[in-house]
Amino acid sequence: MGEGVKSSMPAVTAMAHPNLALVKYWGQRDTVRQLPLNDSISVNLSGATTTTTVQFDVALEKDEFELDGARPSAAAVARVSAHMQRIRALAGIPTYARVQSRNSFPAGIGIASSASGFAALTLAGTRAAGLALDAKALSSLARLGSGSACRSIPDGFAEWLAGTGEDSYAVQLAPPEHWDLAIVTVYFDPQPKAISSLEGHRAAPSSPFFEARLRQLGETLRTVRWAVLERDFSTLGMAVEREALSLHVIAMSSRVAGQPHLSGIYYWQPQTLALMHAVQRWRAEGLAVAFTLDAGPAVHLLVEAENRGALLEAVGGVLPALGGQVLVSAPGMGARVVDEEKGKFNAESRVF
Ligand code: PMV
């Protein structure tokens with residue numbers, strides 16, 4: 001234990017964006033330490049933000065957590081408290097903290113608030129505890145809160161090196177300004193997902209095709225990494241689309257523990273499939289667009305920024321029939337400490 005803290009430890013606010021995987025993390029080597037079986041590549045989504053304030057206070061008898069102005073579920077409180085416990089252990093302090101978090105986007109729409117949430121919590125929590133962790137340590141710690149949160153620490157495009165322990169963290173592949181992409185997320189009525197990504201990760205190795213996916217991933221990673229660095233959209237688009245389908249092939253052919261009535265996990269809804277068909281049609285008509293899908297029905301559409309208007313027009317043509325909504329992003333920054341007094345991000349607090 002350290003020397004304890006003063007009751008007036010300053011509050012620290014940090015923000016982070018969720019990230020969209022271009023090469024997906026699906027399947028875990030270690031479920032406790034959140035170690036993935038494969039490297040993955042992502043881009044931060046500028047259109048969605050989690051902002052989190054942490055203040056340690058000796059008057060508290062337990063951690064307090066408020067999300068979007070309300071008290072979250074007991075499971076969410078326990079998950080945040082477990083992360084605060086990791087931060088206390090690192091800082092050598094016994095003090096509990098008040099955590100207030102706000103998301104700029106609705107829950108359950110297929111954008112992982114756990115990634116932006118644990119990235120922002122890790123940065124705000126460690127700074128509020130008086131720690132100044134480097135980018136690797138922050139990413140590694142964020143991973144323990146939620147695997148893919150490690151990719152929301154660096155700016156722009158990130159690669160999570162799977163590793164086997166402390167060497168499992170994300171590094172920057174390219175800064176946000178490297179490539180002016182537009183990411184249009186089409187989401188449908190918020191609905192709790194039937195099978196969580198946690199269950200999906202656990203079930204993945206039961207698919208008879210899982211080994212084939214892992215064998216394919218080396219080439220997929222090389223292709224996507226190269227396409228990002230070279231800004232080659234047609235190569236990126238086809239690789240990313242096939243990669244997303246590969247995850248869903250695994251999900252659809254997985255056996256979920258304790259749920260013998262399930263022949264597989266189907267994250268798609270009819271609207272998901274309608275948009276996938278539309279993307280192939282739009283591409284045949286000359287629009288350079290690609291989709292990717294995570295563990296839910298939302299469809300993420302990628303174009304180069306010059307095609308943003310054409311894509312939004314095309315999406316606008318099918319949306320009334322599908323009943324979805326859109327969120328538009330560009331490649332986003334990494335986790336940041338926010339200078340609330342000045343109402344802007346503190347550039348000196350850049351992690352990368
Ligand atoms: O970090 P988790 O446990 O929510 O898993 C993320 C899983 C996917 O979003 C489907 C893929 C990814 O790499 O983000």
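Analysis parameters
- Residues numbered from 1 in each chain as written.
- Predicted model: local features only at pLDDT ≥ 70, side-chain atom pairs only at ≥ 80, totals over all residues.
- Heavy atoms only, no water.
- Helix = DSSP H or I, 4+ residues; strand = E, 2+ residues; numbered from the N terminus.
- Contact = heavy atoms within 4.5 Å.
- Buried < 20%, exposed > 50% of the residue type's maximum accessible area, 1.4 Å probe, protein only.
- Near = heavy atom within 4 Å.
- Polar contact = N/O pair within 3.5 Å; in protein donor to acceptor, adjacent residues only side chain to side chain.
- Areas by Shrake-Rupley, 256 points an atom, 1.4 Å probe, with all protein chains shown as cover.
- Nonpolar A, V, L, I, M, F, W, Y, C, P; charged D, E, K, R; others polar.
- Phe/Tyr/Trp six-rings, centres within 6.5 Å; stacked < 30°, edge-to-face > 60°.
- Pairing = 2+ DSSP bridges.
- Axes fitted to C-alpha atoms, helices over the stretch in contact; angles between N-to-C directions.
- Salt bridge = Lys/Arg side-chain N within 4 Å of Asp/Glu carboxyl O.

## Focus on the side chain of S116
Along the chain, S116 turns up in helix 2 (residues 113-128). Apart from residues no more than four positions distant in its own chain, S116 is found in contact with A16, H17, P18, T50, F105 and S152.

## A short note on the environment of T49
One can find T49 in the loop between strand 5 (40-44) and strand 6 (50-56). Judged by its relative accessible area of 17%, T49 is buried. With residues near it in sequence (within four places) discarded, T49 still touches M15, A16, H17, P18, R102, N103, S104 and F105.

## Observations regarding the site of the ligand
Around the ligand, 13 residues are found, and the nearest of them are Y25, S148, R151, S197 and H201. Within the backbone of Y25, an N or O atom sits 2.8 Å from an oxygen atom of the ligand. S197 places a side-chain nitrogen or oxygen 3.0 Å from an oxygen atom of the ligand. Look at the ligand: alone it shows 380 Å² of surface, and the protein chains cover 90% of it. Class assignment for the residues of the shell around the ligand results in 5 nonpolar, 5 polar and 3 charged.

## Observations concerning the packing of aromatic side chains
The full count for this structure, using the stated rule, is 3 aromatic pairs. Ring centres 4.7 Å apart and planes at 65° place the aromatic pair Y25 and W160 in the edge-to-face group. On the criterion of sequence distance, the pair formed by Y25 in the loop between strand 2 (19-23) and strand 3 (28-30) and W160 in strand 9 (residues 157-161) is long-range, its members being 135 residues apart. Plain terms: the ring middles of W179 and F233 are 6.4 Å apart, the flat faces sit at 75° to each other, and that makes the pair edge-to-face. Here W179 is found in the loop between strand 10 (169-174) and strand 11 (181-187), whereas its partner F233 is found in helix 6 (residues 233-252), with 54 residues between them in sequence. The same class applies to W179 as to F233, namely buried.

## Here's the deal with the sheet that holds strand 11
Taken in spatial order, the 4 strands of this open sheet run 12-13-11-14, and their pairing is antiparallel. With partners counted over all chains shown, the strands left at the sheet margins are strand 12 (290-292) and strand 14 (325-329), one partner each. This sheet shows a mean twist of 25° between the axes of neighbouring strands, independent of strand direction. Pairing of strand 11 with strand 14 involves 5 bridges; the strand directions are antiparallel. Residue pairing for strand 14: V186 is matched across the bridge by V326.

## Observations concerning the pattern of salt bridges
Within this structure, the stated rule accounts for 9 salt bridges. When the shortest N-O distance is used, the salt bridge between D63 and R88 registers 2.8 Å. Remark: R88 occurs in helix 1 (residues 74-91) and D63 occurs in the loop between strand 6 and strand 7 (64-67); sequence separation between them is 25 residues. According to the relative accessible area criterion, D63 is buried, its value standing at 8%. A salt bridge links R283 to E241, with the shortest nitrogen-to-oxygen separation between them at 2.7 Å. With a gap of 42 residues between them, R283 in helix 7 (residues 270-284) and E241 in helix 6 connect regions that are remote in the sequence. Here E241 falls in the buried class, since its relative accessible area comes to 3%. Bridged by salt links that share partners, the residues D57, E64 and R98 form one connected network.

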